[in-house]
Amino acid sequence: MTRLLASVTDLEEARSAYHAGVDLIDLKNPTDGALGALAPSSIETIRNALPDHPISATIGDLPLHPKTITDAVARIAATGVDYVKIGLFPGGDLEGTLTALRPLAQKHALIGVLFADYLISLQVIDVLADAGFAGVMLDTAGKDKGSLTRMRPMTFLDRFVDCARSGDLSAGLAGSLGLDDIPKLLELDPDYLGFRGALCHRKLRTHQLDPERLTDIRKAIPQLHSTPATDNDLASASP
């Protein structure tokens, strides 16, 4: 069943996402690139406020240099998040980086993020599976270039999800997705659909979350069950 991933930037937005029934709260800094990273202290604050809720966090838009990536992954993993997202940007040493990540992949759930803007061989998904990754997402790097569904045909997205499943990896789709994209993407049955801009005021990813837009997206993705949060649930969430 497809779950909702919502990217948030701070504790207030995380609270809103939690109350709205978001399945996976994703921590990132949209003012610092496609996968801009929050400070570890900010991540820890949110993690401590929502100790039992699934949380992912990005490591930043970093080049694929083994030490650079492994240091960043270790730093973010130490905050206690459930998933660490790693952007597989073109260039750099992909093979060396994945080799260096193998020990960390045994201890932490790593998610590789591919970008539809660039040439992609879906064979890399098998490489991620072999390296011990837990999942793979397809996103967009240039947020001004249009949505994922404009950059790639549905046949490609379908193959992406199938390849992930074949490698026993979770599959996520994201990248300037909107409300209108949801019905056709649900037909592909990805594990996650990820959103940021569509959830924000004026649909700008650097603006604050808009509760009404968040509610609309949540309603469009069926939930297995719904347990509304109460204010008491987040009583310990004050920084």
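Residues numbered from 1 in each chain as written. Predicted model: local features only at pLDDT ≥ 70, side-chain atom pairs only at ≥ 80, totals over all residues. Heavy atoms only, no water.

Let's hear about the overall build of the protein chain: which residues, and what values?
For the protein chain, the count of helices and strands is 9 helices and 8 strands. Rg of the C-alpha trace for the protein chain: 17 Å, near the compact-globule value of 18 Å for 239 residues, within the 12% margin. Taken along the three principal axes of its C-alpha coordinates, the protein chain extends 45 × 35 × 30 Å. Counting only residues that meet the buried cut, the protein chain has 50% of its 239 residues in that class. Partitioning the intrachain contacts of the protein chain with sequence separation of at least 6 by distance along the chain shows that 67% fall at a separation of at least 24. A total of about 10,900 Å² of accessible surface is found on the protein chain, and carbon and sulfur atoms cover 49% of it. For the protein chain, the distance from the average site of its 23 positive side-chain charges to the average site of its 31 negative ones is 3 Å. (Helix = DSSP H or I, 4+ residues; strand = E, 2+ residues; numbered from the N terminus. Rg over C-alpha atoms; globule rule 2.2 N^0.38 Å. Buried < 20%, exposed > 50% of the residue type's maximum accessible area, 1.4 Å probe, protein only. Contact = heavy atoms within 4.5 Å. Areas by Shrake-Rupley, 256 points an atom, 1.4 Å probe, with all protein chains shown as cover. Lys, Arg positive; Asp, Glu negative; His and termini not counted. Charge placed at Lys NZ, Arg CZ, Asp CG, Glu CD.)

Now, about helix 4 (residues 94-105): what can you tell me, with residues and values included?
Looking at helix 4, one finds that the buried residues are T97, L98, L101, L104 and A105. With its buried residues spanning 95 degrees around the axis, helix 4 presents them on a single face. The exposed set on the far side of helix 4, more than 90 degrees from its buried face, consists of E95 and P103. Of the surrounding secondary structure, the elements contacted by the buried residues of helix 4 are helix 3 (66-77), strand 4 (83-87), strand 5 (109-115) and helix 5 (124-130). (Arc of directions from axis to C-beta.)

Mind laying out the pairing of strand 5, listing which residues take part and the relevant values?
Of all 7 residues making up strand 5, 6 are buried, and the element is well covered by its neighbours. For strand 4 and strand 5, the ladder comprises 5 bridges, and the chain directions are parallel. What sits directly across from Y83, in strand 5, is A109. Running through helix 4, the crossover from strand 4 to the neighbouring parallel element strand 5 is right-handed. Judged from the 5 bridges that link them, strand 5 and strand 6 (residues 135-139) form a sheet pairing that is parallel. By the bridge assignment for strand 6, I111 is matched with G135. A crossover connection joins strand 5 to the parallel strand 6 through helix 5; in handedness this β-α-β unit is right-handed. (Pairing = 2+ DSSP bridges. Right-handed = clockwise from strand over helix to strand, strands pointing away.)

Requested: an account of the packing of helix 3 against helix 4, with residues and values cited.
With their axes 8 Å apart at the nearest point, helix 3 and helix 4 run at an angle of 30 degrees to one another. The angle between helix 3 and helix 4 falls in the class roughly parallel. In the packing of helix 3 onto helix 4, the handedness of the crossing is right-handed. The residues of helix 4 that touch helix 3, namely those facing P66, I69, T70, V73 and A74, are G96, T97, A100, L101 and L104. Here the contact of helix 3 with helix 4 is built from residues that sort into 7 nonpolar, 3 polar and no charged. (Axes fitted to C-alpha atoms, helices over the stretch in contact; angles between N-to-C directions. Parallel < 35°, antiparallel > 145°, perpendicular 65-115°, else oblique. Left-handed = near helix turned anticlockwise from the far one by under 90°. Nonpolar A, V, L, I, M, F, W, Y, C, P; charged D, E, K, R; others polar.)

Report on unusual backbone geometry, specifying residues and quantitative values.
Residues other than glycine seldom take positive phi values, yet D168 does so here, at roughly 60 degrees. Note that D168 resides in the loop between helix 7 (154-166) and strand 7 (170-173).

Give me the sheet that holds strand 2 (residues 24-27): which residues, what numbers.
Around the barrel, 8 strands lie side by side as 1-2-3-4-5-6-7-8; this closed barrel has parallel pairing. When the angles between neighbouring strand axes are averaged without regard to direction, this sheet yields 25 degrees. In the sheet, strand 2 pairs with strand 3 (residues 55-58) via 3 bridges, with the strands oriented parallel. The partner of D26 across the bridge, within strand 3, is S56. Those strands touched by helix 1 (residues 11-20) are strand 1 (3-8) and strand 2, and its axis lies near 165 degrees from that of strand 1.

For the pattern of salt bridges, give the residues involved together with the corresponding values.
On inspection of all chains with the given rule, the structure shows 11 salt bridges. Connected through salt bridges with shared partners, the residues R165, D189 and D191 form a single ionic network. (Salt bridge = Lys/Arg side-chain N within 4 Å of Asp/Glu carboxyl O.)

So what's going on with the packing of aromatic side chains? Which residues, and what values?
Working definition: an aromatic ring pair is given by the centre-to-centre distance plus the angle between the planes. Inspection of the entire model under this criterion finds 2 aromatic pairs. Seen in terms of ring centroids, F89 and F115 are 4.4 Å apart; in terms of plane orientation they differ by 25 degrees. Their pairing is stacked. You can see F89 sitting in the loop between strand 4 and helix 4 and its partner F115 sitting in strand 5, a full 26 residues away along the chain. Note on F89: relative accessible area 14%, which makes it buried. Overall, the relative accessible area of 1% leaves F115 in the buried class. Taking the centre distance of 6.3 Å and the plane angle of 80 degrees together, the rings of F115 and Y118 count as edge-to-face. Chaining the aromatic ring pairs together yields one cluster made of F89, F115 and Y118. (Phe/Tyr/Trp six-rings, centres within 6.5 Å; stacked < 30°, edge-to-face > 60°.)

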